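# Residue-level structural notes
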Number of protein chains: 4
Amino acid sequence: MSLPDLGHRTDYRIYYEDTDAAGMVYYANYLKFAERARTEWLRSLGFEQSLLLKDEGIGFVVHHCEIDFLKPAKLDDLITLETRLQELGKVRMTMQQVVKRGDTILAELSVGLACVDRNSKPVRWPQALISALEK
Amino acid sequence: MSLPDLGHRTDYRIYYEDTDAAGMVYYANYLKFAERARTEWLRSLGFEQSLLLKDEGIGFVVHHCEIDFLKPAKLDDLITLETRLQELGKVRMTMQQVVKRGDTILAELSVGLACVDRNSKPVRWPQALISALEK
Amino acid sequence: MSLPDLGHRTDYRIYYEDTDAAGMVYYANYLKFAERARTEWLRSLGFEQSLLLKDEGIGFVVHHCEIDFLKPAKLDDLITLETRLQELGKVRMTMQQVVKRGDTILAELSVGLACVDRNSKPVRWPQALISALEK
Amino acid sequence: MSLPDLGHRTDYRIYYEDTDAAGMVYYANYLKFAERARTEWLRSLGFEQSLLLKDEGIGFVVHHCEIDFLKPAKLDDLITLETRLQELGKVRMTMQQVVKRGDTILAELSVGLACVDRNSKPVRWPQALISALEK
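Quick notes on the rules
- Along each chain, numbering runs from 1 in the same order as the chain's sequence is written.
- Chain letters and ligand numbers both follow the written order, the letters beginning at A and the numbers at 1.
- pLDDT decides what is reported in this predicted model: residues at 70 or higher carry local features, side-chain atom pairs at 80 or more are listed and counted, and totals for whole chains, interfaces and linings draw on all residues regardless.
- Numbered from the N terminus, helices here are DSSP runs of H or I no shorter than four residues, and strands are runs of E no shorter than two.
- Put simply, the radius of gyration uses C-alpha atoms, and a globule should come to 2.2 Å times the residue count raised to 0.38.
- The exposure scheme places C-beta atoms from the backbone and then counts, for each residue, the other C-beta atoms within 10 Å of its own, assigning buried at 20 or more, exposed at 12 or fewer, and partly exposed in between.
- For every residue pair, C-beta atoms are placed from the backbone, and the pair is scored as a contact if these atoms sit within 7 Å.
- Gly falls in the polar group here, along with every residue not listed as nonpolar (Ala, Val, Leu, Ile, Met, Phe, Trp, Tyr, Cys, Pro) or charged (Asp, Glu, Lys, Arg).
- A pair of strands is treated as paired once DSSP finds two or more bridges between them.
- Least-squares superposition aligns the copies on the C-alpha atoms of those residues with pLDDT at or above 70 in both.
- Note on definitions: a nonpolar core is a set of buried residues drawn from Ala, Val, Leu, Ile, Met, Phe, Trp, Tyr and Cys, linked by C-beta atoms within 7 Å.
- Fitted lines through C-alpha atoms serve as axes, helices being fitted only where they are in contact, and the angles separating the N-to-C directions of these axes extend from 0 to 180 degrees.
- One less than the number of residues in a helix, times 1.5 Å, gives the span that helix is expected to have.
- Per-residue confidence from the predictor is reported as pLDDT, a score between 0 and 100.

A count of helices and strands for chain A gives three helices and five strands. Traced from its N-terminal end to its C-terminal end, chain A shows the element sequence β-α-α-β-β-β-β-α. Here the C-alpha radius of gyration of chain A, 16 Å, is about what a compact globule of 135 residues would show, namely 14 Å. The C-alpha extent of chain A, read off along each of the three principal axes, is 45 × 30 × 25 Å. Within chain A, buried positions represent 38% of all 135 residues. By sequence separation, contacts in chain A at least 24 residues apart represent 63% of the contacts at least 6 residues apart.

Okay, here's the thing in structure tokens:
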């Protein structure tokens, strides 16, 4: 399936909660920013995860995540997350995400997501989501 | 109701995840240690929160929390949480918790808990818990 | 010292990272939102914590915190933090913070802050901060 | 360099702080458990990160991380982290980490670490660490 470039940008400020005693953003916290950004990307397409769970009984789970940490983000930095759908399968999708401070790339992520029902069983993406992505 | 001293001790190591760029444990994280300690105190009485929720449909929620931060904990510190039931009402209880490094008191907490059902409505403590506490 | 009403508002979206298995925002995480809001209040007055630390060698530490949890915030909620200086002493200040969803109050905090140097010793608030607050 | 199997095991309890509204451990938190486990692996070899930073001016930073999420961990689970050095280079090392609940594998991580000085510049691993690893 040919897909448009769905690059989506969100900005986040770095607070004390994000940093650690080494004076930088703690490595696990980049995954928090990435999840916030994917949620906003989804919201920009018209979908809200709490409603998808309540109304359709489905959720998105990360089954694979790969991250390269290139440069550290620090307290009070304003970082940008660029989120892009790379590949869409029947029950899985791969997202590319880049963390930047201005033009400097701080981290790059590849995130594999699956659609699951309330029992954690893989199900197909909702047709409405496919349609929104194909637009 | 007269209650025995239920002082309960648990130890925790400070990791990078607990600290912030000021080189100390981030203030909100003391509440995480306190919740871990209350959970272990409950477990020592024979109760597990996931089972209470699944089998009895009840949960414990914090409705009030007061904390004095006296001295900072730092990376690699081994801290001790002392947890004590101070007052037990019909639908509420107050816990006293002290955070120590050796004999040095780092923080003191007073935590008000309520028993609620699946709809967040206050309910009485389970009789089995009252009995365990009166022992 | 008579102080103006420095009510300051910031909005935050609730993401999965903020919630727990009870389906609500984990209690410690309200302190994260409160700290983000105090940081933005300070930034609105012209001060950035990383610069205060680097240039003046001072930091703000929380020495006391009291919080009433009234109603839970949930996934995808948009919450508002209202932040107000209540009392300003020579080396301490007390902030009042309210967490709302629309007009509904979810939590109320009273936070005691102290100004400290690099060795965690209390020092007076910088004169520039006093001046900004008196404006 | 031929290296012995340095498999190291640490156990962690899952608390509310680790879970999210989907009822499982939040995906970023596996990286916290992994970092705790690597710290304990290092401590078992006689090294403490806060001392390495203070005395030798060096720290360990994660430059790459890959994680497969196979099955979710839930509230009150007791999980085991198995930590193993896979490859040791001059300024980098690769660790393999497995998250288990009993015999069930929940997640698998490959973590690339680098040794850096106070200015985030790559430096060689301390000779004492090499010696401890070769034992």
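Alright, that's what it looks like, and here's the rest.
Chain B puts ten residues into the contact, and the matching count from chain A is ten residues. Within the side of chain B that touches chain A, the residues separate by chemical class into six nonpolar, two polar and two charged.

Bringing the interface of chain A and chain D into the picture now. Interface size is commonly expressed as the accessible surface area that is lost when the partners come together. At the interface, 17 residues of chain A touch 17 residues of chain D. Sorting the residues of the side of chain A that touches chain D by element identifies helix H1 (29–44) and strand E2 (58–69) of chain A as the ones contributing at least two each. The biggest single contributor to the side of chain A that touches chain D is E2 of chain A, with nine residues. Its residues placed into classes, the side of chain A that touches chain D shows nine nonpolar, five polar and three charged.

We now examine the pairing of strand E3 (residues 78–88) of chain B. Residue and element names in this part refer to chain B. Alignment of strand E1 (residues 8–13) against E3, held across six bridges, turns out to be antiparallel. Bridge pairing links His 8 to Thr 83 in E3. Pairing analysis gives eight bridges linking E3 to strand E4 (residues 92–101), with the strands arranged antiparallel. Paired with Thr 83 across the strands is Gln 97, a residue of E4.

Here we come to the relation of the copies chain A and chain D. Note on the identical chains: chain A maps onto chain D by a rotation of 180 degrees and an axial translation of 0.0 Å, with an RMSD of 0.0 Å. Accordingly, the operation relating the two chain copies is best matched by a two-fold axis. The rotation axis passes nearest to the C-alpha of Glu 66 of chain A in chain A, at a distance of 2.1 Å. Interface overlap between copies is the fraction of interface residues in one copy that are interface residues in the other; for chain A against chain D it reaches 100%, indicating a shared surface.

Okay, the pairing of strand E2 (residues 58–69) of chain D next. Bridge count between E2 of chain A and E2 of chain D: five bridges; the pairing is antiparallel. In the sheet register, Asp 68 of chain A faces E2 of chain D, and the bridge partner there is His 64 of chain D. Sheet analysis places E2 of chain D next to strand E5 (residues 104–117) of chain D, joined by eleven bridges and oriented antiparallel. Opposite Gly 59 of chain D, over in E5 of chain D, you have Val 116 of chain D as the bridge partner.

The subject of this paragraph is the relation of the copies chain B and chain A. Taken as rigid bodies, chain B and chain A are interconverted by a rotation of 180 degrees and an axial shift of 0.0 Å, the fit giving an RMSD of 0.0 Å. Both copies share a contact surface, since 100% of the interface residues of chain B are interface residues in chain A too.

Residue and element names in this part refer to chain D. Of note, Ala 37 is situated in helix H1 (residues 29–44). Exposure remark for Ala 37: the 25 C-beta atoms within 10 Å place this residue in the buried category. Between the C-alpha atoms of Ala 37 and Val 25, which are twelve residues apart in sequence, the distance is 17 Å. Residues contacting Ala 37, with those up to four places away along its chain left out, are Thr 10, Leu 81, Thr 83 and Gln 97.

Another point: the nonpolar core. With 144 residues, the main nonpolar core has Tyr 30 of chain A, Tyr 30 of chain B, Tyr 30 of chain C together with Tyr 30 of chain D as its most contacted residues. Setting aside residues no more than four positions away along its own chain, Tyr 30 of chain D makes contact with Val 25, Ile 67, Val 99 and Ala 107 of chain D.

On to the sheet that holds strand E1 (residues 8–13) of chain C. The pairing of strands in a sheet comes from backbone hydrogen bonds and takes either a parallel or an antiparallel form. What the ten strands build is an open sheet, ordered E1(B)-E3(B)-E4(B)-E5(B)-E2(B)-E2(C)-E5(C)-E4(C)-E3(C)-E1(C); its pairing is antiparallel. The strands lining the two open edges of the sheet, one partner per strand, are E1 of chain B together with E1 of chain C. In this sheet, adjacent strand axes meet at a mean angle of 25 degrees when their direction is disregarded. Sheet strands in contact with helix H1 (residues 29–44) of chain C are E1, strand E2 (58–69), strand E3 (78–88), strand E4 (92–101) and strand E5 (104–117) of chain C, and its direction is about 135 degrees off that of E1 of chain C.

Right, let's get into H1 of chain C. Residues and elements named next belong to chain C. Taking 1.5 Å per residue, 16 residues should reach 22 Å; H1 reaches 23 Å between its end C-alpha atoms and fits that length. Listing the buried residues of H1 in full gives Asn 29, Tyr 30, Leu 31, Lys 32, Phe 33, Ala 34, Glu 35, Ala 37, Arg 38, Thr 39 and Trp 41. Just past H1, the residue Gly 46 takes up positive phi, approximately 100 degrees.

Residues and elements named next belong to chain C. Secondary-structure assignment places Pro 126 in the loop between E5 and helix H3 (127–134). With 115 residues separating them in the primary sequence, Pro 126 and Asp 11 have C-alpha atoms 28 Å apart. When near neighbours in sequence (up to four residues on either side) are disregarded, Pro 126 contacts Glu 56 and Ile 58.

Here we take up the sheet that holds strand E4 (residues 92–101) of chain A. Reading across from one edge, E1(A)-E3(A)-E4(A)-E5(A)-E2(A)-E2(D)-E5(D)-E4(D)-E3(D)-E1(D) is the order of the ten strands in this open sheet, with antiparallel pairing throughout. Two strands close off the open sheet at either side, each with one partner strand: strand E1 (8–13) of chain A together with strand E1 (8–13) of chain D. When strand polarity is set aside, the average angle formed by the axes of neighbouring strands in this sheet is 25 degrees. This element, H1 of chain A, spans E1, E2, strand E3 (78–88), E4 and strand E5 (104–117) of chain A of the sheet and lies at about 135 degrees to E1 of chain A.

A few words on unusual backbone geometry. One non-glycine residue with positive phi stands out, namely Asp 76 of chain C, at about 75 degrees. Position of Asp 76 of chain C among the secondary structure elements: in the loop between E2 and E3.

Before going further, it helps to examine the confidence of the model for chain A. Averaged over chain A, the pLDDT score is 92; the fraction of residues at 70 or greater is 96%. Per the prediction output, this complex has pTM 0.94; the corresponding ipTM is 0.92.

What follows is about the environment of Tyr 26 of chain A. Tracing the backbone shows Tyr 26 of chain A in the loop between E1 and H1. A C-alpha to C-alpha distance of 9.0 Å links Tyr 26 of chain A and Ala 73 of chain A, two positions 47 residues apart in sequence. Residue contacts for Tyr 26 of chain A: discarding those within four places in its chain leaves Asp 18, Thr 19 and Asp 20 of chain A together with Tyr 16 and Glu 17 of chain B.

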